[in-house]
Each structure stands twice: as C-alpha cells, then as structure tokens.
Amino acid sequence: QVQLVESGGGLVQAGGPLRLSCAASGRTLSNYAMGWFRQAPGKEREFVAAISRSGGNTIYADSVKGRFTISRDNDKNTVYLQMNSLKPEDTAVYYCAADWDNYSGTYYEYQYDYWGSGTQVTVSS
C-alpha cells in the first residue's frame, strides 16, 4: 500500500504559477503510474494529467494542455504538477493518485488504486 500526500496549494492571482507536489510513502513510487485529478465546487472530479512509471509518457486534459506540466522524481518518491497561466476556472481541490496496474497513466479515475486527500488551489481574478 502507498500513502500519498499533496502539498503546494494556495491562493494565486490569475496568470500566476503554482507547483503542486505529491509525496509517496510505503512503497516505491516507480512501481506506479501517477495521475492528478481535480474537483471544483459543485462539480465531479476530473482528470488533469498523468505520467508513466518511468516519466517518459505524459497525457493531459485539453483544458490544461500547454499550461500544466506533470513530472516525477522517483528517487525522491515525488510527483509534481507545475501549473502556469492559471485561470479562475482552475480553482479546485487537486488530488494525486497512483495506478498499480498500468504502466502508463490513464484518464480513468476508476483505474487508480490510491489517492491523496487533496490540496486546495484557488485562483483569483
């Protein structure tokens, strides 16, 4: 079992950057594909980005493509989400998740086995 803890959330002005981190403990992170999801108030949780076990493959939601970058440092057991050019509609609780079964990350929430408790990101206009 792996435990995930997100950090780096906060309040930022529109157009600004923010970097989220997801630290893993319990098992080696390199055994998992990793994903970031988010949930805005009153909305369902949605896919943001995912990265393969080695970090060589990444996928993004269309809404963040070109603005967000997912990366990982397996030596530090940490996954990152660099968010640039933030918009008010990016306001949400951001969750990281670990997928044991798939080498590459997927869009599908149900395929992830472990979840963090989330970190709040608020973008002011």
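Reading the values: rules and limits
Residues numbered from 1 in each chain as written. Predicted model: local features only at pLDDT ≥ 70, side-chain atom pairs only at ≥ 80, totals over all residues. Heavy atoms only, no water. Phe/Tyr/Trp six-rings, centres within 6.5 Å; stacked < 30°, edge-to-face > 60°. Buried < 20%, exposed > 50% of the residue type's maximum accessible area, 1.4 Å probe, protein only. Helix = DSSP H or I, 4+ residues; strand = E, 2+ residues; numbered from the N terminus. Polar contact = N/O pair within 3.5 Å; in protein donor to acceptor, adjacent residues only side chain to side chain. Contact = heavy atoms within 4.5 Å.

Q: Please set out the packing of aromatic side chains residue by residue, giving values where relevant.
A: This structure, assessed with the given rule, holds 9 aromatic pairs. Ring plane angle 35° and centroid distance 6.0 Å describe the contact between Tyr108 and Tyr110, whose orientation is recorded as tilted. Judged by its relative accessible area of 47%, Tyr108 is partly exposed. What makes Tyr110 exposed here is its relative accessible area of 65%.

Q: Can you explain the side chain of Arg38? Please cite residues and give values.
A: Its place among the elements puts Arg38 in strand E4 (residues 33-39). In terms of polar contacts, Arg38 uses its side chain to reach the side chain of Glu46, at 2.6 Å. Of note is the side chain of Arg38, whose polar atom sits 3.5 Å from the side chain of Ser63. Not counting chain neighbours up to four residues away, the residues in contact with Arg38 comprise Glu44, Arg45, Glu46, Val48, Ser63, Val64, Phe68, Glu89, Asp90, Ala92, Val93 and Tyr94.

Q: Before we move on, can you summarise unusual backbone geometry with the specific residues and values?
A: The backbone of Asn77 shows a phi angle near 55°, a positive value even though the residue is not glycine. Of note, Asn77 is situated in the loop between strand E7 (68-73) and strand E8 (78-83). In this model, Ser85 sits at a positive phi of 50°, which is unusual for a non-glycine residue. Relative to the assigned elements, Ser85 resides in the loop between E8 and strand E9 (92-99).

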